Amino acid sequence: MSENKEIEVMQSVYDKNDEVAAKINSALTKSGIYAINVMGAPGAGKTTSLIQIIKRLTDVIPYVIEGDIEADFDTKTLQALGVKAIQINTGGACHLDSPLIGNAVDELGLSNGVLFIENIGNLVCPAEFMIGEHAKMLISTVTEGSDKPYKYPLAFEKADIIVINKCDLLPYVDFDEEFFMKGVRALNKTAPVIKVSGKTEEGFDKVVSWIMEKVK
Amino acid sequence: MHEYPITQRIIEIVGEYAVKNNADEVKVINLVVGDYSGYVASSIELYFELIAQGSACEKAKLNIERIVPKLRCSNCGVLFTRKPYSFECPDCKGEGRPTEIGQEFFIRSIEI
């Protein structure tokens, strides 16, 4: 019986998605677009936060790619506010991947602005897949429990900015901010953590300042 | 959850290496899957047999080497495995930070 011949491969298996993502990122940069991958659990306030952010963006054109399994409520809301937004319905996939984004970017015909890609409501998978973005924004909340960094470490580790929403509800929930921040800082030394409330509209100026710094 | 397309991709990559090395049949695939890679080793095993049918990998044995994630203590530098809900270093109680260890997902080698 002949012996097996071992062939070294040492190749990452993510490569196809990442290859496409790198091309998208390059194309967006060339078109003067800064792309932000917006992640968060369902109902955390991704769209609400985007609306508050976009309201405060003055010298920069906002574009939005909305990702949902089904329905287009959020896209319609944004379009009604005059934002150039398009919907991607995955029909079942739990995260957006780069080929989907590539097609959407071509459809939007973007130049010189900020592209917000609102990912599928999911605290697990979006953190794993590059989709051509320059930065990842995580929308967390005080209502999800202060243990989220411990339970979903990748989302908190990969975020370039963490927005904590629903702070108006702090008097009504048991949110241990110290425990939450300990978890965040163990995973992520650099992402700013900004408290906001989509309801009272407070806190978003700081988020916009961060974006404008990046866009320069 | 995403193991079906990723298993397809593994079989695709291995197929390319088999062709490059003039092999009709792959005997063994050595895969490295970190527990924090986002992929579950047992789910890949589940799909592998199904997807490999009719390909050069049809009769291949899939060896999966799992990597347990390690944090590095920011205080004393030791590498450790975390306890649930904690990032605390077991030696000095310092704060542990994530490392690349546990996020691996690659094909180490194949045997033809």
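Each remark here, short or long, concerns the structure printed above.
Report on the accompanying structure. Not measured: the values here are computed from a predicted model.

Quick word on helix α8 (residues 204-215) of chain A
An α-helical segment advances 3.6 residues per turn. Residues three or four places apart therefore align on the same side.
Residues and elements named next belong to chain A.
Next, step 1: Here α8 is 12 residues long and its end C-alpha atoms lie 16 Å apart, about the 16 Å a rise of 1.5 Å per residue gives.
Next, step 2: Within the span of α8, buried status applies to Phe 204, Val 207, Val 208, Trp 210 and Ile 211. When α8 is viewed along its axis, its buried side chains cluster within an angular range of 155 degrees and face the same direction. Of the exposed residues in α8, the ones pointing more than 90 degrees away from its buried face are Asp 205, Lys 206 and Glu 213.
Next, step 3: Check the buried side of α8 and you find it contacts β2 (33-40), α2 (46-56), β5 (113-118), β6 (135-141), β7 (161-165) and β8 (193-195).

Considerations on the pattern of salt bridges
Next, step 1: Under the defined criterion, the tally for this structure stands at 13 salt bridges over all chains.
Next, step 2: Note that Asp72(A) and Lys76(A) form a salt bridge whose closest N and O atoms lie 2.8 Å from each other.
Next, step 3: Its relative accessible area of 31% is what places Asp72(A) among the partly exposed residues.
Next, step 4: The shortest N-O distance in the salt bridge between Arg9(B) and Glu12(B) comes to 2.5 Å. One end of the pair, Arg9(B), and the other, Glu12(B), are both in helix α1 (residues 3-20), 3 residues apart, so they sit about a helical turn from each other.
Next, step 5: Here Glu12(B) falls in the partly exposed class, since its relative accessible area comes to 35%.
Next, step 6: The network of salt bridges with common partners includes Asp147(A), Lys148(A) and Lys151(A).

Examining the interface of chain B and chain A
Next, step 1: If you look at the interface, chain B gives 34 residues, while chain A gives 33 residues.
Next, step 2: Around 3000 Å² of area is buried between chain B and chain A when both sides are counted, 59% of it from carbon and sulfur atoms.
Next, step 3: The interface formed by chain B and chain A holds 1 salt bridge in total.
Next, step 4: Glu95(B) is the salt-bridge partner of Lys189(A), the closest N and O atoms lying 2.5 Å from each other.

Thoughts on the sheet that holds strand β3 (residues 71-73) of chain B
All names here are of chain B.
Next, step 1: An order of β4-β3-β5 is seen for the 3 strands of this open sheet, with the pairing classed as antiparallel. One side of each edge strand has no neighbouring strand; the edge strands of this open sheet are β4 (79-80) and β5 (96-98).
Next, step 2: For β3 and β4, the ladder comprises 2 bridges, and the chain directions are antiparallel. By the bridge assignment for β4, Arg 72 is matched with Leu 79.

Describing the packing of aromatic side chains
Next, step 1: Within this structure, the stated rule accounts for 6 aromatic pairs over all chains.
Next, step 2: Between Tyr150(A) and Phe179(A), the ring centres sit 4.2 Å apart and the planes meet at 10 degrees, which makes this aromatic pair stacked. Of this pair, Tyr150(A) sits in helix α5 (residues 148-151) while Phe179(A) sits in helix α7 (residues 177-187), placing them 29 residues apart in sequence.
Next, step 3: Of the residues examined, Tyr150(A) reaches a relative accessible area of 7% and is grouped as buried.
Next, step 4: Between Phe156(A) and Phe180(A), the aromatic rings sit 5.9 Å apart at their centres with planes inclined by 85 degrees, giving edge-to-face as the arrangement. With Phe156(A) in helix α6 (residues 153-158) and Phe180(A) in helix α7, the pair connects residues that are 24 residues apart, well separated along the chain. In this structure, Phe156(A) and Phe180(A) share a single accessibility class: buried.
Next, step 5: An aromatic cluster is defined as three or more aromatic residues linked by ring pairs; in this entry it consists of Tyr150(A), Phe179(A) and Phe87(B).

Describing the packing of α2(A) against α8(A)
Residues and elements named next belong to chain A.
Next, step 1: With their axes 9 Å apart at the nearest point, α2 and α8 run at an angle of 65 degrees to one another. Relative to α8, the element α2 is oriented roughly perpendicular. For the crossing formed where α2 meets α8, the hand is right-handed. Contact residues: Ser 49, Gln 52, Ile 53 and Arg 56 in α2; Phe 204, Asp 205, Val 207, Val 208 and Ile 211 in α8.
Next, step 2: The residue makeup of the contact of α2 with α8, split by class, is 5 nonpolar, 2 polar and 2 charged.

Focus on the environment of Tyr14(A)
Next, step 1: Checked against the element boundaries, Tyr14(A) lands in the loop between β1 (6-12) and α1 (15-30).
Next, step 2: In contact with Tyr14(A), not counting residues within four places along its chain, are Ser37(B), Tyr39(B), Gln103(B) and Phe105(B).

Rules used throughout
Position labels on residues start from 1 in each chain and follow its written sequence. Numbering of ligands from 1 and lettering of chains from A proceed in the order in which they are written. At least 70 in pLDDT is required for a residue's local features to be given in this predicted model, at least 80 for side-chain atom pairs to be given and counted, and no such filter applies to totals for whole chains, interfaces and linings, which use all residues. By convention in this description, side-chain values take in all heavy atoms of the structure and omit both hydrogens and water. Strands here mean DSSP runs of E at least two residues long; helices mean DSSP runs of H or I at least four residues long; both are numbered from the N terminus. Multiply 1.5 Å by the residue count of a helix minus one, and that product is the helix's expected span. Burial here depends on accessible area, computed with a 1.4 Å probe over protein chains only, as a share of the maximum for the residue type. Under 20% is buried, over 50% is exposed, and the range in between is partly exposed. Read the arc as the range of directions from the helix axis to the C-beta atoms. What makes two residues a contact is simply this: any of their non-hydrogen atoms within 4.5 Å. Every case where a carboxyl oxygen of Asp or Glu lies within 4 Å of a side-chain nitrogen of Lys or Arg is listed as a salt bridge. Take the accessible area each of two parts loses on contact, using a 1.4 Å probe, and add the two losses: that sum is the buried area. One bridge is not enough; two strands pair if DSSP finds at least two bridges between them. Two rings from Phe, Tyr or Trp (for Trp, the six-membered ring) form a pair when their centres are within 6.5 Å of each other. A pair whose planes differ by under 30 degrees is stacked, one over 60 is edge-to-face, and the rest are tilted. Axes here mean lines fitted to C-alpha atoms, for a helix over just the part in contact, with angles spanning 0 to 180 degrees between N-to-C directions. Orientation is classified from the angle alone, with under 35 degrees giving roughly parallel, over 145 giving roughly antiparallel, 65 to 115 giving roughly perpendicular, and any other angle giving oblique. The crossing is said to be left-handed when, going from far helix to near helix, the turn is anticlockwise and less than a right angle, and right-handed when the turn is clockwise. Gly is placed with the polar residues, together with every amino acid not listed as nonpolar (Ala, Val, Leu, Ile, Met, Phe, Trp, Tyr, Cys and Pro) or charged (Asp, Glu, Lys and Arg).

So yeah, pure geometry; function would need other evidence.
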